[in-house]
Amino acid sequence: MSVFDLHCHSNASDGVLTPEELVERAVLQKVDVLSLTDHDTVAGVAAASACAQSHPLRLVPGVEISITWNGATVHIVGLRLDPANDGLLAGLARNRAGREDRARRMGEELARIGIPGAFAEAGNRAGNREVISRTHFARFLVESGRVKDMKTVFRKYLVKGKPGYVAHQWASLAEAVEWIRAAGGQAVLAHPGRYQMGRERLRLLIDDFKSQGGEGIEVVSGSHTPDQIPVFADIAVEFGLLASAGSDFHAPGEGGRELGRLQALPARCTPVWRDWN
Ligand code: AMP
Ligand code: MN
Ligand code: MN
Ligand code: MN
């Protein structure tokens, strides 16, 4: 049985490892098939693919696209896509373009509650200046001793209604799915258990995603609790979606899931990799 991990981040977005370090860590963790799915960029894919050539690991080009759906921020993973596709690259560039201004405003919001310099500090922590993320702000808040860990940051800061939060308009669901499909990839709804939207609204999202051409859903995710796995396995079967599995690894020792440390997909699921040769 091969180990699949189809969701993780390098320092091309908000992970801390370089694409090469990430591949080497995945090899040590006995991952057989890894997809690099950085936020709104495929900048790390070439280096990861090149590195995988000299290891017993298959690297699947991927991405994680931020979208706004009925006012909520949702993430769509694209798997096994052509990272050189023009439409995809143009779309991702557009999604990234808003990040700098958003980050500057987040810095202003934090300054107002007595935390100065956060924009510069977050920027210094970004491996890719085009993808400054809330994670970089969160690391600054932890490393400067203001907040004890990342989990607490995302409870007390940077989320709707809390200091440092700035609303943002990302791409639409239709656009993200279209960019992925045009690049020959499969669109997968990321970590559905993480959206705070209630059962009926979540079902509307899944329905909309499927009707726009979405093919898969993350059933096993580092962001899911063990009891969420059977819930989303049932949803995958009900909606006729393929099932994916990914750790959403960002950094060693940061509290998230380690690469490849994932439960098996429930047997009733059809894996998203079923037809991969
Ligand atoms: P952004 O794309 O800038 O909005 O940043 C979103 C990122 O913040 C996610 O991809 C995660 O890496 C991180 N994040 C969001 N919520 C949490 C959380 N509760 N704990 C840890 N990291 C989180
Ligand atoms: Mn992230
Ligand atoms: Mn995500
Ligand atoms: Mn992710």
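Quantities reported herein were computed from a predicted structural model and do not represent experimental measurements.

Thresholds, definitions, all that
- Residues numbered from 1 in each chain as written.
- Chains lettered and ligands numbered in written order.
- Predicted model: local features only at pLDDT ≥ 70, side-chain atom pairs only at ≥ 80, totals over all residues.
- Heavy atoms only, no water.
- Pairing = 2+ DSSP bridges.
- Helix = DSSP H or I, 4+ residues; strand = E, 2+ residues; numbered from the N terminus.
- Domains from an automatic or database assignment.
- Contact = heavy atoms within 4.5 Å.
- Buried area = accessible area lost by both parts, 1.4 Å probe.
- Salt bridge = Lys/Arg side-chain N within 4 Å of Asp/Glu carboxyl O.
- Polar contact = N/O pair within 3.5 Å; in protein donor to acceptor, adjacent residues only side chain to side chain.
- Nonpolar A, V, L, I, M, F, W, Y, C, P; charged D, E, K, R; others polar.

**Let's talk about the sheet that holds strand S4 (residues 72-79)**
Then comes step 1: Within the open sheet, the seven strands sit side by side as S1-S2-S3-S4-S5-S6-S7. Their pairing is mixed. Every interior strand has two partners, whereas the edge strands, strand S1 (4-5) and strand S7 (242-246), have only one.

**Observations regarding the domain arrangement of the protein chain**
The accessible area lost on association of the parts is a frequent measure of interface size.
Then comes step 1: Domain annotation for the protein chain reports domain 1 (4-96 + 169-246) and domain 2 (99-158).
Then comes step 2: With 14 residues of domain 1 at the contact, the number on the domain 2 side is 11 residues.
Then comes step 3: The contact between domain 1 and domain 2 buries some 890 Å² in all, and 45% of this surface belongs to carbon and sulfur atoms.
Then comes step 4: Applying the counting criterion to the domain 1 and domain 2 interface returns two salt bridges.
Then comes step 5: Across the domain 1-domain 2 interface, the total number found is eight residue pairs in polar contact (both at pLDDT 80 or more).
Then comes step 6: Among the residues making up the side of domain 1 that touches domain 2, the classes are represented as four nonpolar, seven polar and three charged.

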